[in-house]
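# A look at the structure
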Amino acid sequence: MNAPDELRYSEDHEWVRIEGDRARVGITDYAQDALGDVVFVDLPEVGAEVAAGALLGEVESTKSVSEIYAPLSGTVVAVNAVLADQPELLNSNPYGDGWICEIAVAGPDAADGLMDADAYRQLTNP
Amino acid sequence: MSTLRQSPLHDQHVSEGAKLTEFGGWEMPLAYPEGTLAEHRACRTGAVMFDVSHLGTVRVAGSDAFERLQQTLSNDLGRITPGRAQYTHLLNADGGVEDDIIVWWLDDTTFDVMPNASNTTRVVEALRGPDVTAERAVLAIQGPTALTMVAQVIPELAGLGRFQVRPFNWNGVAAWAAGTGYTGESGVELAIPSQQAGRVWVALREAGLPPAGLGARDTLRLEAGLPLHGHELGPGITPLEAGLGWVVGWDKEAFIGREALVRERSAGSRRRLAGFAVDGRQPPREGAEILHRATPVGMVTSGNFSPMLEHGIAMGFVEVEPGGEGTSDGSDGDGDWALGQRGRILSARPAARPFVTPGQFAGHSF
């Protein structure tokens, strides 16, 4: 499974890309593969305050429901509204067009507590 | 995992890159690399091939075979002839469905009875016939172009009728074919000796038939409004409640469960199976509450996203008030029905089954 070097990862299989004071969040290639074809994404609300580890939304495939947890704390400042009609982007491009939301964070070190790509690859392919 | 049974076609599935899953004690393909949605659409628009070797085969043969089946199973074999297949139930004394079954009537005194994988032991005990499941693989080729594509490889199967059963020979392989399936499309099922099944699989793949897994099999049968044992059917559910009165051979004098069904027919069923269409893509799931004017009146037994209709669909049982036709009195408007799950309300409306009709999407592209 693909896990880009420049991202950070949670144990719940979310990825984080820090861009200035925002953290873009999605689910990993490993997660989308395990879920199978995604047919519905329940997105968080813009403006919602989330704490690391708290429920952020849900991803549903033809076979199951999976909860998405906030990989870090902050305010949701953007959601990928395209997913309402094209949830399959989570399968086809989990690190690109299939991003889920953006969370405003304090600074570039906000993701320091998360795994780097090597550690995440170890977790998913021990 | 080591205790799971594997299909004679297991190696083919592994080399196809299939994701495997446990089902009814078997390790079977859930989806191939194209994924469940693509497999589903390929079946509705053209044709796909499933390995359904996990279905059981119980052979009932001999001069008393017909009578044994008549006394044990609900449907009436007197309605068909040798060379035909019939959908039927094994009931318990309360009229509950122990299993739903397809019977292939091979010749005058030989029947292949095909139960669900997890119920095969139950059916073997009831019919006292040998379990010949391990001797064959079963391929289900389904879709509007299924028969045409099969006939390109096996010409003698051209013209196979719906529910027709016949033997065929292909390059030294002696096997059986039936015009049956579980997708709501026309199709063919082939029972092939295990050792030779791989050759037939490869020939059909090379003819252009894509493989499909149990994920698509489930979404297809749901769109077709077909019941799945353990969901819409089970030991505590009668065929009348499930809307399958046509599976009951009322003219037969005796079969297991008859008395209970006769009572239910005259007193009326306590619940009925209904279909629902959800507004929006969120899949309703088994266990969701069915709400009528905010009052819980039943439970969803199967639900998912409909790949063809692109919204959620569900089946479930709705309580029937004594003497009533059902909860709906004909005055229902928008907003009267909903499904509740995980603290959320999905607005829904009653929908006729099948949700998708045979051939509705034949030749469409997506």
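Bear in mind the structure is a predicted one, so any value in this text is a computation, not a measurement. (Residues numbered from 1 in each chain as written. Chains lettered and ligands numbered in written order. Predicted model: local features only at pLDDT ≥ 70, side-chain atom pairs only at ≥ 80, totals over all residues. Heavy atoms only, no water.)

### Some details on the sheet that holds strand S8 (residues 110-114) of chain B
Residue and element names in this part refer to chain B. Inclusion rule: For two strands to pair, DSSP has to find at least two bridges joining them. The secondary structure listing takes helices from DSSP runs of H or I that are at least 4 residues long and strands from runs of E that are at least 2 residues long, numbered from the N terminus. Note on method: axes are straight lines fitted to C-alpha atoms, helices fitted across the in-contact stretch only, with angles between N-to-C directions ranging 0 to 180 degrees. Only heavy atoms enter the contact rule, under which two residues are in contact if any of them lie within 4.5 Å.
The strand order S5-S8-S7-S6 describes an open sheet built from four strands, whose pairing is antiparallel. Only two strands of the sheet have a single partner each, and these edge strands are strand S5 (58-61) and strand S6 (85-91). Strand-to-strand twist in this sheet, taken as the mean axis angle between neighbours without regard to direction, amounts to 30°. Direction of pairing for strand S7 (residues 97-107) relative to S8: antiparallel, over a ladder of five bridges. Residue pairing in the sheet places tryptophan 105 in a bridge with phenylalanine 111 of S8. Helix H3 (residues 65-72) contacts S5, S6, S7 and S8 of the sheet and is inclined by roughly 120° relative to S5.

### Points about the domain arrangement of chain B
Residues and elements named next belong to chain B. Heads up, the rule is: Domain segmentation is taken from an automatic or database assignment of domains. Reported buried area values correspond to the accessible surface (1.4 Å probe) lost by two parts on association, with both partners' losses combined. A carboxyl oxygen of Asp or Glu within 4 Å of a side-chain nitrogen of Lys or Arg is what we treat as a salt bridge. The term polar contact refers here to a pair of N or O atoms within 3.5 Å; inside protein, the definition further demands a hydrogen-donor-capable atom paired with an acceptor-capable atom, and it admits residues adjacent in sequence only when both atoms are side-chain atoms.
According to the domain assignment, chain B consists of domain 1 (5-56 + 133-222) and domain 2 (270-355). At the junction of the two partners, domain 1 supplies seven residues and domain 2 supplies ten residues. Of the roughly 790 Å² buried between domain 1 and domain 2, counting both surfaces, carbon and sulfur atoms make up 71%. For the pair domain 1 and domain 2, the interface holds zero salt bridges. Connecting domain 1 to domain 2 are one residue pair in polar contact (both at pLDDT 80 or more).

### Remarks on the interface of chain B and chain A
For clarity, the threshold we go by: Each residue is assigned to one class: nonpolar for Ala, Val, Leu, Ile, Met, Phe, Trp, Tyr, Cys and Pro, charged for Asp, Glu, Lys and Arg, and polar for all the others, Gly among them.
Across the boundary between the two partners, chain B contributes 15 residues, which contact 18 residues of chain A. Here chain B and chain A share an interface that buries about 1300 Å² over both sides, 45% of which is from carbon and sulfur atoms. Interface area lost by chain B to chain A is led by B:Lys19, B:Arg281 and B:Arg285, which between them contribute 40%. Linking chain B with chain A are six salt bridges, by the criterion used here. Note that B:Arg344 and A:Glu58 form a salt bridge whose closest N and O atoms lie 3.3 Å from each other. Where chain B meets chain A, there are 13 residue pairs in polar contact (both at pLDDT 80 or more). No other element matches the three residues that helix H2 (residues 36-45) of chain B contributes to the side of chain B that touches chain A. Grouping the amino acids of the side of chain B that touches chain A by side-chain chemistry returns five nonpolar, five polar and five charged.

### Focus: unusual backbone geometry
Residues and elements named next belong to chain B. Our working rule: Think of it in three bands: residues with accessible area under 20% of the maximum for their type are buried, residues over 50% are exposed, and the middle band is partly exposed, with areas taken using a 1.4 Å probe on protein chains only.
Cis geometry is adopted by the peptide bond preceding proline 354, which originates at arginine 353 and carries an omega value of 0°. In this fold, proline 354 is placed in the segment after strand S18 (344-350). Backbone geometry at asparagine 171 places phi at a positive 45°, although glycine is not the residue there. You can see asparagine 171 is positioned in the loop between strand S10 (165-170) and strand S11 (173-178). When its relative accessible area of 57% is taken as the criterion, asparagine 171 is described as exposed. At glutamate 310, a position not held by glycine, the phi torsion is positive, near 60°. Within the element layout of this structure, glutamate 310 appears in the loop between strand S15 (295-305) and strand S16 (312-319). Judged by its relative accessible area of 44%, glutamate 310 is partly exposed.

### Looking at the packing of aromatic side chains
Residues and elements named next belong to chain B. Convention followed: Pairing of aromatic side chains here covers Phe, Tyr and the six-membered ring of Trp, requires ring centres within 6.5 Å, and sorts the geometry by plane angle: under 30 degrees stacked, over 60 edge-to-face, intermediate tilted.
Applying the stated criterion to the full structure yields six aromatic pairs over all chains. With a centroid separation of 5.4 Å and 45° between ring planes, the pair formed by phenylalanine 276 and tryptophan 337 is classed as tilted. On the criterion of sequence distance, the pair formed by phenylalanine 276 in strand S13 (residues 271-278) and tryptophan 337 in strand S17 (residues 337-341) is long-range, its members being 61 residues apart. Taking relative accessible area as the criterion, phenylalanine 276 reaches 2% and is therefore assigned buried. Overall, the relative accessible area of 3% leaves tryptophan 337 in the buried class. A connected cluster of aromatic rings, assembled from ring pairs, spans Phe66, Trp105 and Phe111.

### Examining the sheet that holds strand S1 (residues 5-6) of chain B
Residues and elements named next belong to chain B. As summarised here, the arrangement of the three strands in space is S1-S3-S2, forming an open sheet in which the pairing is mixed. Strands with a single pairing partner mark the edges of an open sheet, and in this sheet they are S1 and strand S2 (19-23). With two bridges connecting them, S1 and strand S3 (residues 26-31) associate as parallel partners. When the bridges of S3 are listed, glutamine 6 appears paired with glutamate 27. Lying on the sheet, helix H7 (residues 214-223) is in contact with S2 and S3; it crosses S3 at an angle near 70°.

### A short note on the environment of B:Ala47
Residue and element names in this part refer to chain B. Examined against the element boundaries, alanine 47 turns out to sit in the loop between H2 and strand S4 (48-51). When the C-alpha positions of alanine 47 and valine 150 are compared, they lie 9.8 Å apart, and in sequence the two are 103 residues distant. The residues touching alanine 47, leaving out its near neighbours within four places in the chain, are Ala42, Gln142, Gly143, Thr145, Ala146, Met149, Leu209 and Pro210.

### As for the environment of A:Gly98
Residue and element names in this part refer to chain A. Of note, glycine 98 is situated in the loop between helix H2 (89-92) and strand S9 (101-104). By relative accessible area, glycine 98 is classed as buried at 0%. A C-alpha to C-alpha distance of 20 Å links glycine 98 and alanine 48, two positions 50 residues apart in sequence.

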